[in-house]
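# Summary of the model geometry
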Amino acid sequence: MDNQEVVFTLNEELVRVYADPAESLLTVLRDKLGLFGTKVGCGRGECGACTVLLDDQPVNSCLIPFGKVEGRRIETIENLSRGEEYHPIQKAFVEKGAVQCGFCSPGMIMSAHALLKTNPQPSLQEIKTAISGNLCRCTGYKQIEEAIASAAEKKSRR
Amino acid sequence: MSYLKALNLRQAVALLRGNPGRIRVVAGATDLSLQEMPQVALDITALPETTGLETADGFFSLGAALTHSEIANSHPVRHKATALTEACASIGSPQIRNVGTLGGNVINAAPAADAAVALVALGAGAVMINLEGKTREEAVEDLYAGFNQTIIDSGSEIMLKLVIRPCAANEGSSFERFASRKALALPMVNGAARVEVVDGFFRSVRLVLAPINPAPTRLLNLEEKLQGAPVTEETYKKIETEAAAEVEVRASLLRCTAQYRSHLIGVLAARVVRKAAERALERK
Ligand SMILES: Cc1cc2nc3c(=O)[nH]c(=O)nc-3n(C[C@H](O)[C@H](O)[C@H](O)COP(=O)(O)OP(=O)(O)OC[C@H]3O[C@@H](n4cnc5c(N)ncnc54)[C@H](O)[C@@H]3O)c2cc1C
Ligand code: FES
Ligand code: FES
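Keep in mind that what you see is a predicted model, and the values were worked out from it rather than measured. (Residues numbered from 1 in each chain as written. Chains lettered and ligands numbered in written order. Predicted model: local features only at pLDDT ≥ 70, side-chain atom pairs only at ≥ 80, totals over all residues. Heavy atoms only, no water.)

For chain B, the count of helices and strands is eleven helices and 14 strands. Whereas a compact globule of 284 residues would reach a radius of gyration of roughly 19 Å, chain B reaches 19 Å, a difference of no more than 12%. Projected onto its principal axes, the C-alpha coordinates of chain B cover approximately 60 × 45 × 30 Å. Buried positions account for 57% of the 284 residues belonging to chain B. Carbon and sulfur atoms make up 50% of the accessible area of chain B, which totals about 12100 Å². Seen as two clouds, the 31 positive and the 30 negative side-chain charges of chain B have centres 4 Å apart. (Helix = DSSP H or I, 4+ residues; strand = E, 2+ residues; numbered from the N terminus. Rg over C-alpha atoms; globule rule 2.2 N^0.38 Å. Buried < 20%, exposed > 50% of the residue type's maximum accessible area, 1.4 Å probe, protein only. Areas by Shrake-Rupley, 256 points an atom, 1.4 Å probe, with all protein chains shown as cover. Lys, Arg positive; Asp, Glu negative; His and termini not counted. Charge placed at Lys NZ, Arg CZ, Asp CG, Glu CD.)

Below, the structure written as structure tokens:
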């Protein structure tokens, strides 16, 4: 198909990418840019494995036509850790046993990251709502909720 | 394929005019990405005309490209068009609400589209602009042309905004849905009401349930019967037993039997009227 130049901010860097604008952002991130942290689950908005932040808000990258990101800010899971140093939310997921197979984790963590950016001390209900678009087949959610609560608590203590 | 982002309304209309038969308006693309993307996509989510949220001449004017999250977080809407807040907050998931739009929800015309149900109960109007740059307003309830279809041609028209008369002090509105999960589940039944209460009696009731027909369905007979009815438990009981009587209820292979759906229609109809009436009384 006809490629189009799209200029946007990806993980705090301005990038210029030629791709089919009807392609999903998810496909471009993985297949063109080699960012495999964002997972492909259902491909139809129902699992949240592909969650990235668009201007700080969690969205399903499988449903975003690539053309839409022109001029916008995208943040993926790759932006969280600093080399070997995990992000506090990632640490909390490890500590609380919130990762089993790990397939949902990048999406869950991005939803949590978006929540804590705007709401540093969320209630349990707010945590539940924030991850309500992310499916986990393994953990039963409890440990994930605890991990997010613990990351929030540590952040507020610092 | 090309993806064009209109920067102003005049440019958007010119692009529509210049690409007949190939172009289609795109908003959040949560529905369109799962259908077929057009040859030329015209993204209208960056226009001031489709993203404003204001009160003008006593009416709420809500940009058609506002996202469900934006609507759900608006204080004036929560205060005076509560049914819409509740509907938008119930859609899909946070990820879907952050991109899906009000206009897209109406024009995609799913029979139980949550925001559309609330808009019809509130008596909302929709304003469209055509290729000549002329605008027209239609009641949302009159936009439906059949299953998953409206009279709006997204190849030659842009929905700019939805207009709603805010609830007065003696009015209230409410929306509820019943689904198998709290997120990412389409409703078995959803419903919304807007009521006006005077001296303990309903002066007017708008009561909408779905999915029944291709369009959100007003229970017109019941609405009429409720005019002048007292705000009492007995009236709620009557709504519960009579709501399903005037409509033909279909079974859904995926979601529920017709019998269960009839039951839910009664329960939800009574609930939304009750909640709307409580709000009307609280506000005084
Ligand atoms: C996983 C998932 C869950 C969902 N859950 C729900 C749910 O619980 N409840 C519910 O009601 N919906 C749900 N939806 C449906 C969808 O998200 C909503 O209908 C949404 O509001 C559509 O808006 P959009 O901006 O994404 O529309 P788009 O996909 O951009 O457009 C939809 C249609 O409207 C046209 N259009 C859009 N805006 C305009 C305009 N301003 N002028 C002219 N034409 C226009 C487009 O051409 C297209 O035909 C869900 C969708 C997904 C993928
Ligand atoms: S892959 Fe995007 S929501 Fe499932
Ligand atoms: S850890 Fe396996 S899907 Fe969540």
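Turning our attention to the interface of chain A and chain B. Contacts between the two partners involve 30 residues from chain A, matched on the other side by 22 residues from chain B. Together chain A and chain B conceal approximately 1900 Å² of surface at their shared face, both sides included; 57% is due to carbon and sulfur atoms. Here chain A and chain B share one salt bridge between them. Where A:Lys68 meets B:Asp43, a salt bridge forms, and the shortest distance between an N and an O atom there is 2.9 Å. For the side of chain A that touches chain B, the elements supplying multiple residues, two or more each, are strand S3 (51-54), strand S4 (57-60) and helix H4 (124-130) of chain A. (Contact = heavy atoms within 4.5 Å. Buried area = accessible area lost by both parts, 1.4 Å probe. Salt bridge = Lys/Arg side-chain N within 4 Å of Asp/Glu carboxyl O.)

Looking now at the domain arrangement of chain A. Residue and element names in this part refer to chain A. Taken domain by domain, chain A consists of domain 1 (4-79) and domain 2 (88-157). Between domain 1 and domain 2, the C-alpha centre-to-centre distance is 21 Å. In this assembly, 14 residues from domain 1 lie in contact with 13 residues from domain 2. Taking both sides of the interface into account, the surface hidden between domain 1 and domain 2 amounts to around 1100 Å²; carbon and sulfur atoms contribute 64%. Here domain 1 and domain 2 share two salt bridges between them. Residue lysine 117 is joined to aspartate 56 by a salt bridge in which the shortest nitrogen-to-oxygen separation is 2.9 Å. Viewed at the interface, domain 2 and domain 1 are joined by seven residue pairs in polar contact (both at pLDDT 80 or more). Considering only residue class, the side of domain 1 that touches domain 2 consists of six nonpolar, five polar and three charged. (Domains from an automatic or database assignment. Polar contact = N/O pair within 3.5 Å; in protein donor to acceptor, adjacent residues only side chain to side chain. Nonpolar A, V, L, I, M, F, W, Y, C, P; charged D, E, K, R; others polar.)

Time to look at the sheet that holds strand S2 (residues 23-26) of chain B. Residue and element names in this part refer to chain B. Strand order in the open sheet made by the three strands is S1-S3-S2, with parallel pairing throughout. Since the sheet does not close on itself, it has two edges, and those belong to strand S1 (2-5) and S2, each with one partner. Recorded for the sheet is a direction-independent mean angle of 25 degrees between the axes of neighbouring strands. Where S2 lies against strand S3 (residues 40-43), four bridges are found, and the strand directions are parallel. Considered in S3, the bridge of valine 26 is made with aspartate 43. (Pairing = 2+ DSSP bridges. Axes fitted to C-alpha atoms, helices over the stretch in contact; angles between N-to-C directions.)

Contacts to ligand 1 come from 33 residues, most closely from B:Arg24, B:Val25, B:Thr30, B:Thr101 and B:Asp114. Mapping the residues near ligand 1 onto chains gives chains A and B. B:Leu32 is positioned such that a nitrogen or oxygen atom in its backbone is 2.8 Å from an oxygen atom of ligand 1. Between B:Gly92 and ligand 1, the recorded distance is 3.0 Å, taken from a backbone N or O atom to an oxygen atom. For the shell around ligand 1, the elements supplying multiple residues, two or more each, are S2, helix H7 (102-108) and strand S10 (157-164) of chain B. Broken down by class, the residue content of the shell around ligand 1 amounts to 16 nonpolar, ten polar and seven charged. (Near = heavy atom within 4 Å.)

Residue and element names in this part refer to chain B. At a minimum axis separation of 7 Å, helix H10 (residues 233-242) and helix H11 (residues 258-283) run at an interaxial angle of 145 degrees. Considering the relative orientation of H10 and H11, their crossing is right-handed. Together, Glu233, Tyr236, Ile239 and Glu240 of H10 and Gly266, Val267, Ala269, Ala270, Val273, Arg274 and Ala277 of H11 make up the contact between the two elements. (Left-handed = near helix turned anticlockwise from the far one by under 90°.)

All names here are of chain A. Residues of helix H1 (residues 25-32) that are buried: Leu25, Leu26, Val28, Leu29 and Arg30. Looking at the buried residues of H1, the elements they touch are strand S1 (4-10), strand S2 (13-19), S3 and strand S5 (73-75). Looking one or two places after H1, you find glycine 34, whose phi comes out positive at around 70 degrees.

Look at any regular strand and the pattern is simple: side chains alternate between the two faces of the sheet. All names here are of chain B. Burial analysis of strand S11 (residues 171-178) places six of its eight residues in the buried class, the great majority of the element. Relative to strand S12 (residues 189-198), S11 runs antiparallel, the two sharing eight bridges. Residue pairing for S12: glutamate 171 is matched across the bridge by glutamate 196.

This model, assessed by the stated rule, comprises two aromatic pairs over all chains. A centroid spacing of 5.6 Å and a plane angle of 85 degrees characterise the contact between A:Phe8 and A:Phe66, whose relative ring orientation is edge-to-face. Of this pair, A:Phe8 sits in strand S1 while A:Phe66 sits in the loop between S4 and S5, and the two are 58 residues apart along the sequence. Of the residues examined, A:Phe8 reaches a relative accessible area of 1% and is grouped as buried. Pairing B:Phe178 with B:Tyr260 gives two aromatic rings, centres 6.3 Å apart and planes at 85 degrees, and the pair type is edge-to-face. With B:Phe178 in strand S11 and B:Tyr260 in helix H11, the pair connects residues that are 82 residues apart, well separated along the chain. Given the relative accessible area of 29%, B:Phe178 is considered partly exposed. (Phe/Tyr/Trp six-rings, centres within 6.5 Å; stacked < 30°, edge-to-face > 60°.)

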